[in-house]
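Coordinate analysis (summary)
Take a look at the letters that make up each chain.
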Amino acid sequence: MKKKDKKKKEKIRYIDDGRTIADMSGVHDRMSWAKRGTTSSPREIWKTYWNAVKMMFLPMLVFIACLGLIYLIITIIFHLSLLF
């Protein structure tokens, strides 16, 4: 027969008391990985940067074109309103 003297793990209960400030006392050293820096080479970092730039180039052009079109429409409306 196996012994059943195992201690039960205490179940943690979280109670919402309505406060907006959270208890951060147990999170003291969670960002230690950020202090060490990266293990990537400069070539990998540069490649990642350019891949991100290439991915966002077309959406950036579309956004700039939309802003230009909106500006053009508003300019035409105000110029037409001055004529009448």
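Read on for an overview of the structure.

Conventions we followed
- Residues numbered from 1 in each chain as written.
- Predicted model: local features only at pLDDT ≥ 70, side-chain atom pairs only at ≥ 80, totals over all residues.
- Heavy atoms only, no water.
- Helix = DSSP H or I, 4+ residues; strand = E, 2+ residues; numbered from the N terminus.
- Buried < 20%, exposed > 50% of the residue type's maximum accessible area, 1.4 Å probe, protein only.
- Expected span 1.5 Å × (residues − 1).
- Bend = angle between axes of the 7 residues up to and from the residue.
- Patch = residues over 30% accessible without salt bridge, like charges linked within 9 Å, V, L, I, M, F, W, Y side chains within 5 Å.
- Areas by Shrake-Rupley, 256 points an atom, 1.4 Å probe, with all protein chains shown as cover.
- Salt bridge = Lys/Arg side-chain N within 4 Å of Asp/Glu carboxyl O.
- Phe/Tyr/Trp six-rings, centres within 6.5 Å; stacked < 30°, edge-to-face > 60°.

Concerning the overall build of the protein
Helices and strands together make up the secondary structure of the protein, namely two helices and zero strands. Classification of the 84 residues of the protein by burial places 0% in the buried group.

Describing helix α2 (residues 42-83)
Between the first and last C-alpha of α2 there are 59 Å, a value that for 42 residues agrees with the 62 Å anticipated at 1.5 Å per step. At Phe 57, α2 shows its maximal kink, close to 35°; a proline, Pro 59, follows between one and four residues later.

Section: a nonpolar patch on the surface
Taken together, the side chains of Phe 57, Leu 58, Met 60, Leu 61, Val 62, Phe 63, Ile 64 and Leu 67 make up a nonpolar region of the molecular surface, amounting to roughly 800 Å² of accessible area. By the secondary structure assignment, Phe 57 is in helix α2.

Observations regarding the packing of aromatic side chains
Applying the stated criterion to the full structure yields three aromatic pairs. Between Trp 46 and Trp 50, the ring centres sit 5.7 Å apart and the planes meet at 75°, which makes this aromatic pair edge-to-face. In this pair, Trp 46 and Trp 50 are both assigned in helix α2, four residues apart and thus about one turn of the helix distant. Ring centres 5.5 Å apart and planes at 70° place the aromatic pair Tyr 49 and Trp 50 in the edge-to-face group.

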